[in-house]
Amino acid sequence: MKKYIKYGLLLIAIALLGYNAVYIKKLSEVRASSGQKFDAATYVGKIWDEALQQKLDSAIEISALRQALQSDPEKAFSDFTKSLAIGNYRYALVKGLATVEQVNEDDISIVIESQPAFKAVFATEFIYGNALRDASGIVKLEEFPNTEDLNAISEALNQAVREKVVPAIKPLLVPGKRVAFVGAVELNKEHIRFDNIEIIPVSIKSVS
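Residues numbered from 1 in each chain as written. Predicted model: local features only at pLDDT ≥ 70, side-chain atom pairs only at ≥ 80, totals over all residues. Heavy atoms only, no water.

**Digging into unusual backbone geometry**
Part 1 of the argument: Going from Gln-115 to Pro-116, the amide bond is cis rather than trans, its omega being 0°.
Part 2 of the argument: Note that Pro-116 resides in the loop between β3 (107–112) and β4 (118–123). (Helix = DSSP H or I, 4+ residues; strand = E, 2+ residues; numbered from the N terminus.)

**Comments concerning the environment of Gln-159**
Part 1 of the argument: Secondary-structure assignment places Gln-159 in helix α7 (residues 147–169).
Part 2 of the argument: You can call Gln-159 partly exposed: its relative accessible area is 30%.
Part 3 of the argument: Along the primary structure Gln-159 and Ala-41 are separated by 118 residues, whereas in three dimensions their C-alpha atoms are 8.9 Å apart.
Part 4 of the argument: A distance of 2.5 Å separates the side chain of Gln-159 from the side chain of Glu-163, its partner in a polar contact. (Buried < 20%, exposed > 50% of the residue type's maximum accessible area, 1.4 Å probe, protein only. Polar contact = N/O pair within 3.5 Å; in protein donor to acceptor, adjacent residues only side chain to side chain.)

**Digging into the layout of surface pockets**
Remark: the empty space left among the atoms is shown by a probe the size of a water molecule rolled over them.
Part 1 of the argument: When its volume is computed, the largest pocket comes out at roughly 390 Å³.
Part 2 of the argument: Looking at the largest pocket, it is lined by 20 residues, and the ones nearest its centre are Glu-186, Leu-187, Arg-193, Ile-197 and Glu-198.
Part 3 of the argument: Residue assignment for the lining of the largest pocket shows that the elements contributing at least two residues are β5 (178–188) and β6 (197–206).
Part 4 of the argument: Among the elements that take part in the lining of the largest pocket, β5 stands out by supplying 5 residues, more than any other.
Part 5 of the argument: Considering only residue class, the lining of the largest pocket consists of 12 nonpolar, 5 polar and 3 charged. (1 Å grid on protein atoms, 1.4 Å probe; cavity = no way out; pocket = protein on both sides within 12 Å on 5 of 7 lines; lining within 4 Å. Points joined across faces, edges and corners; volume = space filled by probe spheres on them. Nonpolar A, V, L, I, M, F, W, Y, C, P; charged D, E, K, R; others polar.)

In structure tokens:
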């Protein structure tokens, strides 16, 4: 009997040692303890060509979003917009057809094909904020509890637009040119405004 008790106590001791030896840390805690710094540019480089491009297919027609917001704003914001933060600002991936109206120093004025048609702008100079990060839905808050990392991702995405997208599309965007586009927009739930809404361009192609 004493022999069984001895073996039983030994098994309990081993189990307790094993339990205390195995634990889980958040990725941010592991990076902090090892001195690693999050590289936002590398992260964005990895998601740009695959994950982000796949998300573009889920963009809503900008005219449909406009109509939905006019009909039932609460439902439209719930169904078609995203945000990593709590507040009035929401973001959406939108697509559509448009005609270039005017080339400005900091942006491109366009007319969206819709019933009725309405004006918007492609941002080409001052590209900032969280529109593309949040609208894409790729970045998950639980994966990046560090606010500094989230801000760095936004800036890296905006930098990618400035360096990859804008130089490629500028020669295409001349007055009278008809284009198909996909981009991100920012919306304020308390002040919904679609006239001259700013679009952060991600893809723009010429159409006949």
